[in-house]
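Listed below, chain by chain, are the residues.
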Amino acid sequence: MIITAVTFVRVYGELEFTFSMLKIMLVQTMNQSASAYWKDPGAFVQYLGIGGSLGRFLGFWTTLNNALYAYSGIENIAVAAAETKNPRQAIPMAAKRIFIRILLFYVLTIFMVGLVVPSNDPSLFKSSGTASESPFVIAAKNAGIKVVPSIINAVVLTLPGLLGILIFTRVNRAGVPYVAATLYAIFMCLGYMTLSSTASEVFTWLQDLVSIATLVNWICILLIYLRFLYGCKKQGIDRHTELPWAAPLQPYTSWASLALFVILLFTGGYTTFIHGHWDNETFISSYLNIPLILVLFFGYKYYAKTTMVSLEEMPIRGFIEIYQQNPEPQEKPKTGLRRLNILWS
């Protein structure tokens with residue numbers, strides 16, 4: 001994996017995809033305990049000792065906030081659009097395939113893991129600092145497959161990418177690898193956070209920060225898209241005929257997603273407001289990004305003296321004319337079994 005990450009980015013992506021498929025196949029082979037765990041301890045359990053349906057709902061809601069960390073980064077396909085070959089064809093295709101891969105490798109996998117690993121398994125609550133708390137490892141261990149946990153640990157360790165490894169070879173005039181040294185210095189500073197707390201707690205703080213940053217990112221994307229959408233309507237631009245690709249079910253899905261993300265943003269640290277559960281670190285890590293993004297946005301507006309562009313003045317039509325005057329080459333039609341492909345190129 002390391003060799004392919006450094007030399008062949010495309011091969012690395014396909015290998016990562018293959019490992020994800022192997023994890024799904026692994027969980028499928030251990031699905032014999034599903035019905036038992038669905039009833040005992042149950043699919044929805046109490047959270048923070050709160051009884052009844054409220055406790056079960058809070059447990060479900062907490063998993064949504066925790067899942068944000070895993071989904072961070074999938075919106076970056078838009079950032080790569082400017083450097084992508086044939087972006088009008090590649091970006092919509094990538095967006096569709098990301099949706100399918102997320103559905104298969106995240107939603108389906110975690111659903112099946114929930115069937116084969118009980119929520120009260122003692123291994124889930126250990127803080128060993130290894131991958132022994134991984135639900136995939138626990139599932140294999142509970143099924144009596146001794147060799148699989150070691151294989152999964154190896155896969156987990158090899159999956160992180162080293163795509164930018166060449167940047168760490170840069171040196172200054174004295175021959176010092178300053179980029180690598182700076183990176184190490186940053187992580188050394190993070191190490192001081194474990195002096196007063198365990199490594200798992202520090203990871204939870206960082207996870208909260210990344211999750212909230214992801215929410216803020218998506219909220220900004222949705223707000224910008226909605227303004228673009230209403231700008232098209234205001235200027236009489238038909239998205240379905242004049243744009244290379246138009247997202248379906250708009251603006252309803254965008255408004256629904258925006259409402260959900262805003263609620264998740266303000267309830268990310270709701271546990272701190274429950275009597276007896278106040279925690280300074282959790283509160284800060286859950287809500288630090290909210291005032292930060294507001295200060296950055298309004299601070300820039302004040303410093304640069306800029307104003308919001310009205311829907312009528314958005315230069316949408318000009319960019320449409322640019323892309324119409326510069327057509328992209330048509331993709332070659334797929335033949336044979338490649339026509340059935342919906343996951344990779």
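Conventions used here
Residues numbered from 1 in each chain as written. Predicted model: local features only at pLDDT ≥ 70, side-chain atom pairs only at ≥ 80, totals over all residues. Heavy atoms only, no water. Helix = DSSP H or I, 4+ residues; strand = E, 2+ residues; numbered from the N terminus. Buried < 20%, exposed > 50% of the residue type's maximum accessible area, 1.4 Å probe, protein only. Contact = heavy atoms within 4.5 Å. Polar contact = N/O pair within 3.5 Å; in protein donor to acceptor, adjacent residues only side chain to side chain. Axes fitted to C-alpha atoms, helices over the stretch in contact; angles between N-to-C directions. Parallel < 35°, antiparallel > 145°, perpendicular 65-115°, else oblique. Nonpolar A, V, L, I, M, F, W, Y, C, P; charged D, E, K, R; others polar. Phe/Tyr/Trp six-rings, centres within 6.5 Å; stacked < 30°, edge-to-face > 60°. Lys NZ or Arg CZ within 6 Å of the ring centre and 35° of its normal. pLDDT = per-residue confidence, 0-100. Core = buried A, V, L, I, M, F, W, Y, C linked by side-chain atoms within 4.5 Å.

(A) Inspection of the overall build of the protein chain at higher detail. Along its length, the protein chain carries 14 helices and zero strands. Reading the helices (α) and strands (β) of the protein chain from amino to carboxyl end gives α-α-α-α-α-α-α-α-α-α-α-α-α-α. Per-residue burial for the protein chain yields a buried fraction of 27% across its 345 residues. Summarising the internal contacts of the protein chain: among those between residues at least 6 apart in sequence, 64% fall at separations of at least 24.

(B) View of the side chain of E242. Looking at the element boundaries, E242 is found in helix α10 (residues 239-242). Judged by relative accessible area, which is 16%, E242 ranks as buried. Among the polar contacts made by the side chain of E242, one reaches the side chain of R317 at a distance of 2.3 Å. When neighbours within four sequence positions are excluded, E242 is seen to be in contact with G236, I237, R317, I320, Y323 and Q324.

(C) The arrangement of the packing of helix α4 (residues 52-71) against helix α11 (residues 252-266) in detail. Packing of α4 against α11 leaves a shortest axis separation of 11 Å and a crossing angle of 100°. In terms of orientation, α4 and α11 fall into the roughly perpendicular class. Residues W61, L64 and N65 of α4 pack against L260, I263 and L264 of α11. Residue composition of the contact of α4 with α11, by class: five nonpolar, one polar and no charged.

(D) Just the packing of aromatic side chains, in detail. Across all of its chains, the model carries ten aromatic pairs by this definition. Measuring from centroid to centroid gives 6.3 Å for F273 and W278, while their planes differ by 70°, and the two rings are edge-to-face. Using a relative accessible area of 48% as the deciding quantity, one classes W278 as partly exposed. Measuring from ring centre to ring centre gives 5.1 Å for F297 and F298, while their planes differ by 85°; the resulting arrangement is edge-to-face. Judged by its relative accessible area of 52%, F298 is exposed. An aromatic cluster is defined as three or more aromatic residues linked by ring pairs; in this entry it consists of F273, W278, F283 and Y287. Sitting over the ring of Y302, K305 keeps its end group 4.1 Å from the ring centre.

(E) Summary view of the confidence of the model for the protein chain. Averaged over the protein chain, the pLDDT score is 75; the fraction of residues at 70 or greater is 71%. Overall, residues 1-9 carries pLDDT values under 50, and its contacts beyond four positions in sequence, including any with other chains, amount to 18 contacts. Within the model, pLDDT remains below 50 along residues 159-164, and this stretch shows twelve contacts once partners closer than five positions in the same chain are excluded.

(F) Focus on the nonpolar core. Core analysis: the largest hydrophobic core is formed by 17 residues, its most contacted members being I212, L215, I219, L258, F261, L264 and L265. Secondary-structure elements contributing two or more residues to this core are α4, α9 (199-234) and α11. At seven residues, α9 tops the list of elements feeding residues into this core. Excluding residues within four positions of it along the chain, I212 makes contact with L265, S285, S286 and N289. In this structure, C232, I237, L243 and I320 belong to the second largest nonpolar core, which totals seven residues.

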